[in-house]
Amino acid sequence: MFLGKSTGSLLVPHLAVGEIGKLYDIFTNVQQHDIFSISPFVQRKKGDREYVSIDFINSLWQFIRRKRTFGESKALKRNIRQNFTHSEYLKIKEEKHDVVITVANLSMNRVEYKSIQECTYEEFCNWIWISCNYIPFMSLAVVNGHEYADGGLGSVIPIREAILRGATEIDAIVLEAETMGKQKVLGKNPFSLMISLFGHLLDQVEKNDIVIGKLAAKNNNVKLNIYYTPTTLTENSLIFSKRLMEKWWQQGYDYAEEKHS
């Protein structure tokens, strides 16, 4: 059983079919244009340091068009369908793996979990895309009259949901360091400050999910293995660098291997 939220939603279908090499190629080569049809960010480089600034022109254009988000992520929707094929979808269903995607129903103020066993291929690809939509920087999706967005707005690490679905041993992958190694630098304008604020709020949700998950695991006699990243990866997960992502992949693998052994 595989449960994912946001980046995890992109990962879990490929993990279910065992396509680790393909997953590595996808994630170490992703670029802004693979995610955003209208990007609210500009990626810059100063010496060896890569950083992000706000694309005020694109953001202003969104306001003029009376859109409710600063950017659009329709490119990601196309990318998901290109990389997760219908044959892979059928393979997962035939092998009876359960792959579950976490989304936030903003209209009903609740978290929902979408199983591959209950979705068509098109529906499942759409839920993966919705789970990744980190608003207000990415698209806001409408399904059956309800507005949906990133599942992390309600559940970052769905440990308790895995237990409710019958898990007896859980590997929880947390894309954060266990302890913060350095002081965060807050945004220098209202837009970038908003990114910092959203990051802080999601960190609190994540900590609560882990505490609740640990209690649920203890009460249900479930073995819970939690894997953190060795260092803080980035302060903005919506920018991409092949050099850094290759480094993070290897660091994460080595760190998890050491902890597991």
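Below or above, wherever it landed, is the structure these notes cover. Note that the structure is a prediction, hence the values are computed from the model and not measured. (Residues numbered from 1 in each chain as written. Predicted model: local features only at pLDDT ≥ 70, side-chain atom pairs only at ≥ 80, totals over all residues. Heavy atoms only, no water.)

1. Overview of the packing of aromatic side chains
Moving on, step 1. Here the structure, examined in full by the defined rule, presents 10 aromatic pairs.
Moving on, step 2. Geometrically, the ring pair formed by tyrosine 24 and tryptophan 249 is edge-to-face, given 4.9 Å between the ring centres and 85° between the ring planes. Of the two residues, tyrosine 24 sits in helix α2 (residues 20–29) while tryptophan 249 sits in helix α10 (residues 242–260), which places them 225 residues apart along the sequence.
Moving on, step 3. Given a relative accessible area of 27%, tyrosine 24 falls into the partly exposed group.
Moving on, step 4. Measuring from ring centre to ring centre gives 5.7 Å for tyrosine 134 and phenylalanine 137, while their planes differ by 40°; the resulting arrangement is tilted. Just as tyrosine 134 is buried, phenylalanine 137 falls in that class too.
Moving on, step 5. Following the ring pairs from residue to residue traces out a cluster consisting of Phe36, Phe41, Phe63, Phe70, Tyr134 and Phe137. (Phe/Tyr/Trp six-rings, centres within 6.5 Å; stacked < 30°, edge-to-face > 60°. Helix = DSSP H or I, 4+ residues; strand = E, 2+ residues; numbered from the N terminus. Buried < 20%, exposed > 50% of the residue type's maximum accessible area, 1.4 Å probe, protein only.)

2. Thoughts on helix α1 (residues 7–16)
Moving on, step 1. Burial runs high along α1: seven of the 10 residues are buried.
Moving on, step 2. Every buried residue of α1 is listed here: Gly8, Ser9, Leu10, Val12, Pro13, His14 and Ala16.
Moving on, step 3. Elements that come into contact with the buried residues of α1 comprise β1 (2–5), α2, α5 (74–83), α6 (86–94), β4 (99–105) and α7 (121–132). (Contact = heavy atoms within 4.5 Å.)

3. Some words on the side chain of glutamate 112
Moving on, step 1. By secondary structure assignment, the location of glutamate 112 is in strand β5 (residues 110–115).
Moving on, step 2. Separated by 2.8 Å, the side chains of glutamate 112 and arginine 110 make a polar contact.
Moving on, step 3. Look past the residues within four positions of glutamate 112 in its chain and what remains in contact with it is Ile101, Thr102, Val103, Asn105 and Tyr148. (Polar contact = N/O pair within 3.5 Å; in protein donor to acceptor, adjacent residues only side chain to side chain.)

4. A few points about the environment of glutamate 206
Moving on, step 1. Within the secondary structure, glutamate 206 is located in helix α9 (residues 190–219).
Moving on, step 2. Counting along the chain gives 35 residues from glutamate 206 to serine 241, while the straight-line C-alpha distance between them is 25 Å.
Moving on, step 3. The contacts of glutamate 206, once residues within four sequence positions are left out, are Val156, Ile157, Val174 and Glu176.

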